[in-house]
Amino acid sequence: IIPDRAFSDCKNLTTVKFAGKIKSIGMFAFANCQELRDFPLLASLERIDDGAFFGCSNFETLLLPSRLSKIGRFAFAQCSQLKSLTIPETVYEIGE
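From a predicted model like this one, the values you see are computed outputs, not experimental measurements.

Draft legend 1. Structural view of the packing of aromatic side chains. Scanning the model with the defined rule gives eight aromatic pairs in all. An angle of 5° between the planes, with centres 5.6 Å apart, marks the rings of F30 and F53 as stacked. Separated by 23 residues along the polypeptide, F30 in the loop between β1 (24-25) and β2 (47-48) and F53 in the loop between β2 and β3 (61-63) bring together distant segments of the chain. Considered together, F30 and F53 belong to a single accessibility category, that of buried residues. Ring pairs connect the aromatic residues F7, F18, F30, F39, F53, F59 and F76, which therefore count as one cluster.

Below, the structure written as structure tokens:
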């Protein structure tokens, strides 16, 4: 689990790498990480909470993993460069 607001407002963060299985990305965990471009959405990921990537304005393409079941409200809000977001059939809940 990546805790709520774990990397929020880390404006110079450009990439992240994780060891092990990540099942959940907490609320606003990467909010306003404006330089974040590369984010490996691991196969183990099951939920993305509210505002997790709010304001990550350099994302262009994201392919969400096949185990994902929930995308929280405003998870990708204000991702102004996001051109492509592939949502797997396993997602049963998408917030507002």
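Draft legend 2. Broad picture of the pattern of salt bridges. Counted according to the given criterion, the structure contains five salt bridges. Between K11 and D9 there is a salt bridge whose closest N-O contact spans 3.7 Å. By relative accessible area, which is 38% here, K11 ends up partly exposed. We classify D9 as partly exposed; its relative accessible area is 44%.

Draft legend 3. Seen up close, empty space enclosed by the protein. Tallied over the entire structure, the rule returns one cavity of 30 Å³ or more. Quantified by volume, the largest cavity comes out at close to 40 Å³. Contributing to the lining of the largest cavity are F18, I22, I25, F39, P40, L41, L42 and L45.

So, how was this worked out
What you see as residue numbers is a count from 1 along each chain, following the sequence as written. Two thresholds apply to this predicted model, a pLDDT of at least 70 for residue-level local features and 80 or more for giving and counting side-chain atom pairs, whereas whole-chain, interface and lining totals are computed over all residues. Processing note: side-chain calculations cover all non-hydrogen atoms of the structure and skip hydrogens and water entirely. Note on aromatic contacts: the rings of Phe and Tyr and the six-membered ring of Trp form a pair at centre separations within 6.5 Å, being stacked when their planes are under 30 degrees apart, edge-to-face when over 60 apart, and tilted otherwise. Only DSSP runs of H or I with at least four residues qualify as helices, and only runs of E with at least two residues qualify as strands; both kinds are numbered from the N terminus onward. Each residue gets one of three labels from its accessible area relative to the maximum for its type: buried under 20%, exposed over 50%, partly exposed in between, using a 1.4 Å probe on protein chains only. Any carboxyl oxygen of Asp or Glu within 4 Å of a side-chain nitrogen of Lys or Arg constitutes a salt bridge here. Grid points spaced at 1 Å and placed over the protein atoms alone form the basis of the search, with a cavity being a set where a 1.4 Å probe fits but cannot get out and a pocket an open set showing protein on both sides within 12 Å along at least five of seven lines. Lining residues have an atom within 4 Å of a point. Grid points are joined across faces, edges and corners, and a volume is the space filled by probe spheres set on the points.

It is worth stressing that arrangement in space is one thing and function is another; only the former is reported here.
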